[in-house]
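# Examination of the molecular architecture
Here are the chains, one letter per residue:
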Amino acid sequence: MDIAANIATIRERISVICQACGRDPDQVRLVAVSKKKPAAAIEAAIAAGQPLFGESYVQECVAKIDAVQRAAEWHFIGALQSNKVKYLRGKVAMIHSVDRLSLAEEIDRQWGKDAGCVDILIQVNLGEETSKAGTTAEQAVELVRLVAPLRHVRIRGLMALPPWYDDPEQVRPYFRQLRQLAGQVAALDLPNVSMQDLSMGMSHDFEVAIEEGATLVRIGTAIFGAR
Ligand SMILES: *Cc1c(COP(=O)(O)O)cnc(C)c1O
């Protein structure tokens, strides 16, 4: 597994697709999803110039943040139980998977202990799949309204994990829906709420996601190999 070569390839593909759709590649951040991969793989990616990593399991995430010697930025992207939020405090820069008020309140409480603030995204379950976390598109606006007043979280946008299709074109309507929803929220102009980030797109469909406005693409397999 040549992690450096894989990262170079992904960066090139991001650059090509940005050029093709008239976007600035600096507006698309690559989140290297390192779940189930060892700290050594992350260090190889950092050595190859990759600064940002996404993890999905709290214990594993914290263990790896502590194990990795070099500086990196960490995002939490997985399903999150409120009673585990405390382990992430001060360690992650962004939580992509906020899908209910009680979770946002616990994040607010934990980060408030250090008078800190953490960036969050509201996760939307666009396909309304029972197997997946996320608020419904209908409830997302209301959730944003309720979370916005919390002082130790800052809503930066939306995240989605749409249904899986072999053909990425079939995922496009979901990506588009997330962007439209972000537009609706942005139009409300709520204090403490920005819709600058759209976290969408994975190894097999990130190019379509970028065409539809993704600013954070979460890529695991194409960098680190199969899990
Ligand atoms: C595992 C995971 C990814 C990465 O998926 P790949 O297909 O390996 O690129 C992206 N987002 C979330 C939320 C994940 O759990």
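Quick caveat, the model's predicted, so the values are computed rather than measured. (Residues numbered from 1 in each chain as written. Predicted model: local features only at pLDDT ≥ 70, side-chain atom pairs only at ≥ 80, totals over all residues. Heavy atoms only, no water.)

Taken together, the neighbourhood of the ligand is formed by 13 residues, with K35, S203, R218, T221 and R227 sitting nearest. Between S56 and the ligand, the recorded distance is 3.5 Å, taken from a side-chain N or O atom to an oxygen atom. Here a nitrogen atom of the ligand and a side-chain polar atom of R218 are 2.8 Å apart. In isolation the ligand exposes 390 Å². Once the protein is present, 90% of that is buried. Here the residues of the shell around the ligand are counted per class, giving six nonpolar, four polar and three charged. (Near = heavy atom within 4 Å. Polar contact = N/O pair within 3.5 Å; in protein donor to acceptor, adjacent residues only side chain to side chain. Areas by Shrake-Rupley, 256 points an atom, 1.4 Å probe, with all protein chains shown as cover. Nonpolar A, V, L, I, M, F, W, Y, C, P; charged D, E, K, R; others polar.)

Further remarks concern helix 1 (residues 3-21). An α-helical turn contains 3.6 residues, so any two residues separated by three or four positions project in the same direction. Under the 1.5 Å per step criterion, the end-to-end length of helix 1 is 27 Å for 19 residues, consistent within 8% with the ideal 27 Å. Turning to helix 1, its buried residues are I3, N6, I7, I10, I14, I17 and C18. Considered in projection along helix 1, the buried side chains sweep an arc of 105 degrees and stay on one side of the axis. Set apart from the buried face of helix 1 by more than 90 degrees, the exposed residues are Q19 and A20. Against strand 1 (29-33), helix 2 (39-47), helix 8 (206-211), strand 8 (216-219) and helix 9 (221-224) lie the buried residues of helix 1. The N-cap residue of helix 1 is D2: its side-chain oxygen and the backbone nitrogen of A4 are 3.3 Å apart. Note on helix 1: the residue one or two positions beyond its end, G22, has a positive phi of about 70 degrees. (Helix = DSSP H or I, 4+ residues; strand = E, 2+ residues; numbered from the N terminus. Expected span 1.5 Å × (residues − 1). Buried < 20%, exposed > 50% of the residue type's maximum accessible area, 1.4 Å probe, protein only. Arc of directions from axis to C-beta. Contact = heavy atoms within 4.5 Å.)

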